[in-house]
Amino acid sequence: MDKIVVQKGAKLDGEVAASGAKNSSLPLLFSTLLADGEHKLHNVPILKDIDSTFRLLELLNCKTQREGHTAIVTVSESKQREAEYDIVRKMRASILCLGPLLARYGEAVVSLPGGCAIGTRPINQHLDALKQLGAEFEIKGGNVHGRVKKLTGGNIVFDGVTVGGTENILMAAVLADGETVIENAAKEPEIVDLCEYLNKMGAKISNVGSSVLKIEGVKSLSPSEHTVIPDRIEAGTLLIAGAITGGDVKVTHCVPKHFEALTNKMREAGFEFVESENSIRVLPTSSFQGVDVTTAPHPGFATDFQAQFMALMTQAKGSSIITESIFENRFMHVQELRRLNADITPKSRVAIVRGPCALQGAPVMATDLRASASLILAGLFADGETTISRVYHLDRGYEKLEEKLANLGANVRRD
Ligand code: EPU
């Protein structure tokens, strides 16, 4: 099985382009199920999770094709309405076919996604909201069986902000009879991207980008063409890589506004940036302060940056208190960072990081996607060699991270 080997090296220097957003591409690919014909999505990253989505779409009678970073999905009516366990267990986002299948065919069978390393991740809010649009569910043999004669608009108020829940309901409501209002909707840039593509297909979604989305159901949608937004989490991870080595790294093809909560925290710590609409450069800084962060839904500090930010904070002067408020078990990287000699005390959902700390290379294990990135970042600064195993987590969500880092001067390779 592949391993990533990182050695402490030079300060990173140069330019690197962000790829398209994984968490935008996945719902966009599932949204194609809503309209027969040829959909063209540009800037789709080359990742394992995208391959899994293609497999699932193919089982649902779609043809999928890749031309570099363009994905072409040709959709035709499907007799198959089931997302089976073998795919769902590999990728939880498979649940995003529930809304489109119910909207298109009034029927969907989706294997219940289990918990994952970062938390139990229930889907109760997806199901409750779809019930309000008229769907009925039954759990049989580990699968959710959903059925509805015709979805009808309704007023949904989410108990807690849910990205996937908002996406599923959007994709169901666009073809429902009448108007749906989603209150306490997620406002992530990926939700905005999905709304934009749905509207290009002929949907009528207004208040896009706000926490109250209004959807006027339409009879049918037509396929269209769209360019996926840049991956804000990848862009921020590359920026932290520059910062942790005291380097000078410019990330291009990104939207700095999408990850302002991260850069604001880094500014508070003492970093400086040169920013344009589509690029951001972190300037070399030899010393920075510890700052506290609490993860929150967008526009707050993204949980998907928490692990990478923790690696950065091991090199800050003083303590930083990191609070994870979204997922109940997203501190699996703490024990691995401690193997590298980081001084971190975790307690429930809070971790106290005391820096700066002389990290020392060691063999460590990736536990989830963002934890893998965190360990690579720490490895860039740890004395000697850090070997990260279970990198299949990394391949689910970062396109060629080790190559991008090596091009910036990092001593990193895949074994
Ligand atoms: N939740 C419920 N019930 C639900 C849905 C969510 O209790 O029905 C809870 C979750 O357990 C969690 C919180 O609500 O505690 C937020 O979950 P959300 O539904 O927003 O997360 P998601 O849609 O499953 C997406 C991203 C994650 C990212 C989160 C939060 C995709 C494919 N995944 O997950 O990305 O961390 O939003 O921003 O978009 C990653 O890329 O590494 C990743 C994990």
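Residues numbered from 1 in each chain as written. Predicted model: local features only at pLDDT ≥ 70, side-chain atom pairs only at ≥ 80, totals over all residues. Heavy atoms only, no water.

### Digging into the overall build of the protein
Piece 1. Regarding its fold elements, the protein presents 14 helices and 24 strands.
Piece 2. Its C-alpha atoms give the protein a radius of gyration of 21 Å, within 12% of the compact-globule value 22 Å for 415 residues.
Piece 3. Expressed as lengths along the three principal axes of its C-alpha atoms, the size of the protein is roughly 60 × 45 × 40 Å.
Piece 4. Across the 415 residues of the protein, 57% fall into the buried class.
Piece 5. Contacts spanning at least 24 positions in sequence make up 72% of the contacts within the protein whose residues lie at least 6 apart.
Piece 6. Carbon together with sulfur atoms contributes 47% to the accessible area of the protein, which is approximately 16,000 Å² in total.
Piece 7. Considering the protein, the positive charge centre built from 46 side chains and the negative charge centre built from 50 side chains are found 2 Å apart. (Helix = DSSP H or I, 4+ residues; strand = E, 2+ residues; numbered from the N terminus. Rg over C-alpha atoms; globule rule 2.2 N^0.38 Å. Buried < 20%, exposed > 50% of the residue type's maximum accessible area, 1.4 Å probe, protein only. Contact = heavy atoms within 4.5 Å. Areas by Shrake-Rupley, 256 points an atom, 1.4 Å probe, with all protein chains shown as cover. Lys, Arg positive; Asp, Glu negative; His and termini not counted. Charge placed at Lys NZ, Arg CZ, Asp CG, Glu CD.)

### What to know about the packing of helix α5 (residues 124–132) against helix α6 (residues 163–173)
The relative placement of two packed helices comes down to the angle between their axes together with the axis-to-axis distance.
Piece 1. As a packed pair, α5 and α6 sit with axes 9 Å apart at the nearest point and diverge in direction by 25 degrees. In terms of their interaxial angle, α5 and α6 are classed as roughly parallel. Judged by the twist between their axes, the crossing of α5 over α6 is right-handed. Together, His 126, Ala 129 and Leu 130 of α5 and Gly 164, Gly 165, Asn 168, Ile 169 and Ala 172 of α6 make up the contact between the two elements.
Piece 2. A per-class count over the contact of α5 with α6 returns four nonpolar, four polar and no charged. (Axes fitted to C-alpha atoms, helices over the stretch in contact; angles between N-to-C directions. Parallel < 35°, antiparallel > 145°, perpendicular 65-115°, else oblique. Left-handed = near helix turned anticlockwise from the far one by under 90°. Nonpolar A, V, L, I, M, F, W, Y, C, P; charged D, E, K, R; others polar.)

### Some details on helix α10 (residues 306–313)
Piece 1. Buried residues dominate α10, accounting for eight of its eight residues.
Piece 2. If you check which residues of α10 are buried, you get Gln 306, Ala 307, Gln 308, Phe 309, Met 310, Ala 311, Leu 312 and Met 313.

### Details of the sheet that holds strand β7 (residues 107–111)
Piece 1. Spatially, four strands are ordered β6-β7-β9-β8 in an open sheet, and the strand pairing comes out mixed. In the strand order of this sheet, the two ends are held by β6 (82–83) and β8 (136–140), each with one partner.
Piece 2. For β6 and β7, the ladder comprises two bridges, and the chain directions are parallel. Bridging from a neighbouring strand, Ala 83 pairs with Val 110 of β7. (Pairing = 2+ DSSP bridges.)

### Overview of the site of the ligand
Piece 1. Around the ligand, the structure places 20 residues, and the nearest of them are Asn 124, Gln 125, Thr 162, Asp 304 and Ile 326.
Piece 2. Burial of the ligand by the surrounding chains reaches 83%, relative to a free accessible area of 830 Å².
Piece 3. Residue assignment for the shell around the ligand shows that the elements contributing at least two residues are α1 (22–31), α5, α6 and α12 (369–381).
Piece 4. When residues of the shell around the ligand are assigned to their parent elements, the largest contribution, three residues, is made by α5.
Piece 5. Of the residues contributing to the shell around the ligand, the split by class is eight nonpolar, seven polar and five charged. (Near = heavy atom within 4 Å.)

### Describing unusual backbone geometry
Piece 1. Of note, the bond from His 298 into Pro 299 is cis; its omega dihedral lies within 30 degrees of zero at 10 degrees.
Piece 2. Position of Pro 299 among the secondary structure elements: in the loop between β18 (293–294) and α10.
Piece 3. Between Gly 355 and the following residue, Pro 356, the backbone shows a cis peptide bond with an omega angle of -10 degrees.
Piece 4. If you trace the backbone, Pro 356 turns up in the loop between β21 (350–355) and β22 (363–365).

### Observations regarding the environment of Asp 13
Piece 1. Here Asp 13 lies in strand β2 (residues 13–17).
Piece 2. Contact partners of Asp 13, with chain neighbours within four places excluded, come to Asp 248, Val 249 and Leu 408.

### A look at the environment of Ser 111
Piece 1. Within the secondary structure layout, Ser 111 lies in strand β7.
Piece 2. Residue Ser 111 is classed as buried on the basis of its relative accessible area, which comes to 2%.
Piece 3. Look past the residues within four positions of Ser 111 in its chain and what remains in contact with it is Ala 83, Glu 84, Tyr 85, Val 88, Gly 142 and Asn 143.

### What about the nonpolar core?
Piece 1. One finds Leu 170 and Leu 198 to be the most contacted residues of the largest nonpolar core, which totals 72 residues.
Piece 2. Met 266, Ile 280, Leu 380 and Ile 388 belong to the second largest nonpolar core, which has 68 residues in total. (Core = buried A, V, L, I, M, F, W, Y, C linked by side-chain atoms within 4.5 Å.)

These figures come from the coordinates and say nothing about function on their own.
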